[in-house]
Amino acid sequence: MTTPKKDNIFRILEQQGPFATGESVARSRPFSSASRCFAKQLDEAKLTTRYRMIREQIFKFLQISSFAEIDQLLSDEIRRKEVNHRAYGFLANMFGISGDEQACVTAVNSYFQTADGVIRYLRNTVMAPYASFLEMTNNLYTVNNPIELLLLIFDDRYHQKVRFEAKRKLVLMNLAAAIAQRERETAVEEKFTRFLDFLNENVWSHDVKIGELEPAFLLSRHNPEDFSCKEVEVIPWQGGSCLQLEHGLKRTLIKRRWFDAQGRKVPVYVTVRKKSSAAKVLKLLRKNEENPDIAVDDELGLMAVLDQSADVRLFQAHLSESAGRAGTFLTAEDVSDTLAGSEYRSNSIGSATKTPMLKFFARMGGMRVEFIVHTNSSFLNYTYQRGVAHDEYEVRRLFDSGVAELLFPKEIYLLDMPTIKNDLLRRYRQRIENE
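Residues numbered from 1 in each chain as written. Predicted model: local features only at pLDDT ≥ 70, side-chain atom pairs only at ≥ 80, totals over all residues. Heavy atoms only, no water.

Trainee: So what's going on with the overall build of the chain? Residues and values would help.
Mentor: On a plain count of helices and strands, the chain comes out with 18 helices and eight strands. Expressed as lengths along the three principal axes of its C-alpha atoms, the size of the chain is roughly 80 × 50 × 35 Å. By the burial criterion, 50% of the 435 residues in the chain qualify as buried. Summarising the internal contacts of the chain: among those between residues at least 6 apart in sequence, 70% fall at separations of at least 24. (Helix = DSSP H or I, 4+ residues; strand = E, 2+ residues; numbered from the N terminus. Buried < 20%, exposed > 50% of the residue type's maximum accessible area, 1.4 Å probe, protein only. Contact = heavy atoms within 4.5 Å.)

Trainee: Give a detailed account of helix α1 (residues 33-44), specifying residues and quantitative values.
Mentor: Between its first and last C-alpha atoms α1 spans 17 Å; for 12 residues at 1.5 Å apiece the expected length is 16 Å, and the two agree. In the stretch just after α1, Lys-46 is the one whose phi turns positive, near 55°. (Expected span 1.5 Å × (residues − 1).)

Trainee: Hey, could you go over the environment of Thr-193 for me, with residue numbers and the actual values?
Mentor: For Thr-193, the position within the fold is in helix α9 (residues 188-203). Overall, Thr-193 belongs to the partly exposed group, its relative accessible area being 43%. Through-space distance from the C-alpha of Thr-193 to that of Lys-230 is 39 Å; in sequence the pair is 37 residues apart.

Trainee: Please set out the packing of helix α5 (residues 101-124) against helix α11 (residues 277-287) residue by residue, giving values where relevant.
Mentor: Contact pair α5 / α11: the axes reach a minimum separation of 9 Å and the direction vectors enclose 80°. Our classification of the angle between α5 and α11 gives roughly perpendicular. Facing Thr-114, Gly-117, Val-118, Tyr-121 and Leu-122 of α5, the residues of α11 in contact are Ser-277, Ala-278, Val-281 and Leu-282. (Axes fitted to C-alpha atoms, helices over the stretch in contact; angles between N-to-C directions. Parallel < 35°, antiparallel > 145°, perpendicular 65-115°, else oblique.)

Trainee: Could you give an account of the pattern of salt bridges, naming the residues involved and the relevant values?
Mentor: Scanning the model with the defined rule gives 32 salt bridges in all. In this structure, Glu-246 engages Arg-221 in a salt bridge whose closest nitrogen and oxygen atoms are separated by 3.5 Å. A residue pair is termed long-range when its members are at least 10 positions apart, and Glu-246 in the loop between α10 (237-240) and β3 (249-261) and Arg-221 in strand β1 (residues 214-222) qualify at 25 residues. We note a salt bridge from Glu-370 to Arg-273, for which the minimum N-O separation is 2.7 Å. Taken together, the residues Glu-370 in strand β8 (residues 367-375) and Arg-273 in strand β4 (residues 264-274) connect sequence positions 97 residues apart. Among the charged side chains, a network of salt bridges with common partners joins Glu-333, Asp-334, Arg-363 and Arg-368. (Salt bridge = Lys/Arg side-chain N within 4 Å of Asp/Glu carboxyl O.)

Trainee: Account for the environment of Lys-161, with residues named and values stated.
Mentor: When you line up the elements, Lys-161 lands in helix α8 (residues 160-186). For Lys-161, a relative accessible area of 18% puts it in the buried group. Separated by 80 residues in the primary sequence, Lys-161 and Lys-81 have C-alpha atoms spaced 26 Å apart. Contacts of Lys-161, omitting those with residues within four sequence positions, involve Glu-135, Met-136, Thr-137, Ile-412 and Tyr-413. A polar side-chain atom of Lys-161 sits 2.7 Å from a polar atom in the side chain of Glu-165. (Polar contact = N/O pair within 3.5 Å; in protein donor to acceptor, adjacent residues only side chain to side chain.)

Trainee: Give a description of the confidence of the model for the chain that names residues and reports values.
Mentor: When the pLDDT values of the chain are averaged, the result is 90; 94% of them are 70 or greater. The spread of mean pLDDT over the elements of the chain runs between α10, the lowest at 79, and helix α16 (residues 403-407), the highest at 96. (pLDDT = per-residue confidence, 0-100.)

Below is the structure:
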């Protein structure tokens, strides 16, 4: 990965290193030349301690004392059931899962489903044109048993791709479990519900029903040099749906609600989100960070789009007043305001410095919520401008962070990632400008 390599769980997925999944399972004897070579690789990669930790975890998990015993376990179904029963207890204690054995099994199965969801998400969205290359071996979608997956990695009857995908699924499951543990500890679901209640009760206009939206179009003209927004106007739904568009004109559907400020109703297009578990797993991978407490700070978020900069200032003031009515202060943290034209500075891999926005975290009522606020013009740049559009950003950060290569190594999936990245960027650009 392009970020400095840490001694963490992601290293065992690297195909260019001592943990690579080979074409066949190595069964080296102690003090053999193969064992000495492996030890040298570990030392050069500074992964000796990581290897010892993983080895001890595997031995404890499988109730064995050497890798030589794995073959015996593969052929002993009764013993595998005993090992499996004990393994779920270990996982329950490690990830703070409460309840009986069935509750633990259900929870662990959900973590494996999140692991599968990460791969499905990439196949269905960012890397959709290459979905057939990335398809996971069919029977692995139904294997949600940690012991079966662990043993499969060491079973030479299975192809290299299957064994790698079993290892990848275990790594992604581990991240999903850590994320779920944090969500329980921080009561994310409860906070999301409270945030929605806060918006409905204190922020949005009470003159309309909860959830009532008015559809409209942003009709925009774009610069031929970089497809940035030159001018934009809001047109009613009835008049915009039948417009014939020439090249350089875009018609963007928005569904707006209102808030009351300075004696008038101010329209605002809003999307509220709670980041999905699969998205959080991908963020951990991009950040090269195992700990969700460190890497995932934007679980709750809101994006608002207003007609002009003056309305943005009104919205900021209205949020503070609304928090006061709800009995809490609202403090803005990590504020970045580039709507006036200054460059946006971000440490995120693949981020564009030309993306104008107001971004801040609002701490209120025991919650910390990420707010991203746009004008119509900056929102259209965020959607369409070359080198800025969010679809292009999704591609760049997946490839520039090294996550695409880590999850789909060339040796196994036969894809050259730099070439794929350029092709995807070309496809997205063509779709943005011509559709």
